[in-house]
Protein chains: 2
Amino acid sequence: MRDTGNFRALCHRHRLAATHQRQVIYETVLSLPGHPNPEEIYGQVRQRIPSISLATVYKNIRTFLASGLLREVSLHHGSLRLENDQRPHHHLVCVSCRAITDLQEDGVEPVRLRQRLPRGFRVKRIAVDILGICAACSSKGARAKRV
Amino acid sequence: MRDTGNFRALCHRHRLAATHQRQVIYETVLSLPGHPNPEEIYGQVRQRIPSISLATVYKNIRTFLASGLLREVSLHHGSLRLENDQRPHHHLVCVSCRAITDLQEDGVEPVRLRQRLPRGFRVKRIAVDILGICAACSSKGARAKRV
DNA sequence: CTAGATGCAAACAGTTTGCGTCACT
DNA sequence: AGTGACGCAAACTGTTTGCATCTAG
């Protein structure tokens, strides 16, 4: 067994049972390049725990997200949603209830890049998401761990 | 029949047949508050065209997105994807192939708000998506209409 | 010892597709 | 008149759930 220490401590801090499955899933997410999805994680984890089930992978990803051990790329990954305001604008997003509110484009200073982008990338638009807790969720006691 | 003119011209410009279904779907998206999903649009459209099928709504939403008549809230609405880099960072997103590349947080000047946010909204983090066409798609001739 | 985690299978939600018919251009 | 849009049903993908069994604390 490897340096299980870190992960066990991490779980303990978040009041999660430190199971072997969890450790492997967690390590796998950190080790995979890019932005892996559950299926990819499952495929990779299965090389170390062939008997693991996809449901366990899903359940633990949810657990990790809920306790802030992992983060997802976007809070909007559910069903397709359309803009009804066709003018460019930004979004205010509640990380608890995921409500999306529009924020007119000039409510945010134009975003400035400090860094060269990868060669050949042609910028079309810059979208800003302001993530936080909305008033309604705030009063219900919602707290964001890490978003 | 109402001022069909605008919509017919719009369709003509985009080389789309101007059907009654399309017009009602389009008008419905613009008229619904917030960020409607296909199911909500379907429910609303059915009040004007009871015989319409959900498949038609989906097909036409896709058509509108492809020709830039409508825009979606987020390009990341597919399956759940996890961050493997746990440090805060931004994203470079190709609007054609939807590839996501990380951009370290200090590659972007800190975002500054010019406007008061809704009362009680507590900001946790600001996420920036730089939308554009990546080099690979660019060389394949991909063009973004409106993103 | 017990609450909670796992694995399996079945259920579900959202979306897409194939195909025969119908309508816009 | 012909290409493409519509409507229906069936297929598919990604995800969740119920339940019996097992395991970490």
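Coordinates for the structure precede this section.
Residues numbered from 1 in each chain as written. Chains lettered and ligands numbered in written order. Predicted model: local features only at pLDDT ≥ 70, side-chain atom pairs only at ≥ 80, totals over all residues. Heavy atoms only, no water.

**Student:** Where do I start with the packing of aromatic side chains in this structure?
**Tutor:** Remark: the centre distance and the inter-plane angle together describe each pair of aromatic rings, the angle taken between the planes. Residue and element names in this part refer to chain A. The full count for this structure, using the stated rule, is six aromatic pairs over all chains. The interplanar angle of 70° and the centroid separation of 5.9 Å between the aromatic rings of Y26 and F64 together place this pair among those described as edge-to-face. With Y26 in helix 2 (residues 20–31) and F64 in helix 4 (residues 54–67), this pair connects stretches of sequence that are 38 residues apart. This pair shows no difference in class: Y26 is buried, exactly as F64 is. Chaining the aromatic ring pairs together yields one cluster made of F7, Y26 and F64. (Phe/Tyr/Trp six-rings, centres within 6.5 Å; stacked < 30°, edge-to-face > 60°. Helix = DSSP H or I, 4+ residues; strand = E, 2+ residues; numbered from the N terminus. Buried < 20%, exposed > 50% of the residue type's maximum accessible area, 1.4 Å probe, protein only.)

**Student:** Help me understand the protein's contact with DNA strand D in this model?
**Tutor:** If you check the shell around DNA strand D, you find 21 residues, and the closest are Y58 of chain A together with T19, K59, N60 and L80 of chain B. Looking at DNA strand D alone, sugar and phosphate atoms form 78% of those within 4 Å of the protein. Within the side chain of R22 of chain B, a nitrogen or oxygen atom sits 3.1 Å from a phosphate oxygen of DNA strand D. Between DNA strand D and T56 of chain B, the relevant distance is 3.1 Å, taken from a phosphate oxygen to a side-chain nitrogen or oxygen of the residue. Secondary structure elements with two or more residues in the surface near DNA strand D: helix 4 of chain A together with helix 2 (20–31) and helix 4 (54–67) of chain B. In terms of residues, the surface near DNA strand D owes the most to one element, helix 4 of chain A, which gives five residues. (Near = heavy atom within 4 Å. Polar contact = N/O pair within 3.5 Å; in protein donor to acceptor, adjacent residues only side chain to side chain.)

**Student:** Sorry, what's going on with the relation of the copies chain A and chain B here?
**Tutor:** Note: a rotation about an axis with an accompanying shift along it relates these two copies of the chain. Least-squares fitting of chain A to chain B yields an RMSD of 0.0 Å, with the superposition described by an axial translation of 0.0 Å and a rotation of 180°. The symmetry that links the two subunits is that of a two-fold axis. It is H77 of chain A whose C-alpha, among those of chain A, lies nearest the rotation axis, at 1.7 Å. Take the interface residues of chain A: 100% of them recur as interface residues in chain B, which is what a same-surface contact looks like. (Least-squares fit on C-alpha atoms with pLDDT ≥ 70 in both. Contact = heavy atoms within 4.5 Å.)

**Student:** What is the right way to read the packing of helix 2 of chain A against helix 4 of chain A from this model?
**Tutor:** Relative orientation and spacing of two packed helices are given, respectively, by the angle between their axes and the distance between those axes. All names here are of chain A. It is at 10 Å that the axes of helix 2 and helix 4 come closest, and there the two elements cross at 75°. Here helix 4 runs roughly perpendicular to helix 2, going by the angle between their axes. Every residue of helix 4 that contacts helix 2 at Q21, R22, I25 and Y26 is listed here: T56, V57, N60, T63 and F64. Along the lines of polarity and charge, the residues of the contact of helix 2 with helix 4 split into four nonpolar, four polar and one charged. (Axes fitted to C-alpha atoms, helices over the stretch in contact; angles between N-to-C directions. Parallel < 35°, antiparallel > 145°, perpendicular 65-115°, else oblique. Nonpolar A, V, L, I, M, F, W, Y, C, P; charged D, E, K, R; others polar.)

**Student:** Help me understand helix 3 (residues 38–48) of chain A in this model?
**Tutor:** Two residues of an α-helix separated by three or four positions point the same way, owing to the 3.6 residues in each turn. Residue and element names in this part refer to chain A. Every buried residue belonging to helix 3 is among P38, I41, Y42 and V45, and all of these are buried. Considered in projection along helix 3, the buried side chains sweep an arc of 100° and stay on one side of the axis. Each element contacted by the buried residues of helix 3 is listed here: helix 2 and helix 4. (Arc of directions from axis to C-beta.)

**Student:** What should I look at first to understand the interface of chain A and chain B in this one?
**Tutor:** For an interface, size is often stated in terms of accessible area lost upon the parts coming together. Taken together, the contacts link 75 residues of chain A with 75 residues of chain B. Linking chain A to chain B there are two salt bridges. Notably, a salt bridge pairs E109 of chain A with R114 of chain B, separated by 3.6 Å at the nearest N-O pair. Taken together, the connections running from chain A to chain B amount to 35 residue pairs in polar contact (both at pLDDT 80 or more). Every element with two or more residues in the side of chain A that touches chain B is listed here: helix 2, helix 3, helix 4, strand 1 (89–94), strand 2 (100–104), strand 3 (122–133) and helix 5 (135–139) of chain A. Here the side of chain A that touches chain B takes twelve residues from strand 3 of chain A, the largest share from any one element. (Salt bridge = Lys/Arg side-chain N within 4 Å of Asp/Glu carboxyl O.)

**Student:** Can you help me understand the state of the cysteines in this one?
**Tutor:** What is meant by a disulfide is a covalent connection between two cysteines, made through their sulfur atoms. All names here are of chain B. One pass over the structure, following the stated rule, counts zero disulfides over all chains. C94 provides the cysteine sulfur closest to C134, a residue in no disulfide bond, and the two sulfurs are 3.6 Å apart. With no disulfide of its own, C137 lies 3.7 Å from the sulfur of C97, the closest cysteine sulfur. For C137, a relative accessible area of 6% corresponds to the buried category. (Disulfide = S-S within 2.5 Å.)

**Student:** Help me out: how do you make sense of the side chain of N60 of chain B in this one?
**Tutor:** Residues and elements named next belong to chain B. The residue N60 is located in helix 4 in this model. Separated by 2.7 Å, the side chains of N60 and R22 make a polar contact. Those residues within four positions of N60 in sequence are excluded, and the remaining contacts are R22 and I25.

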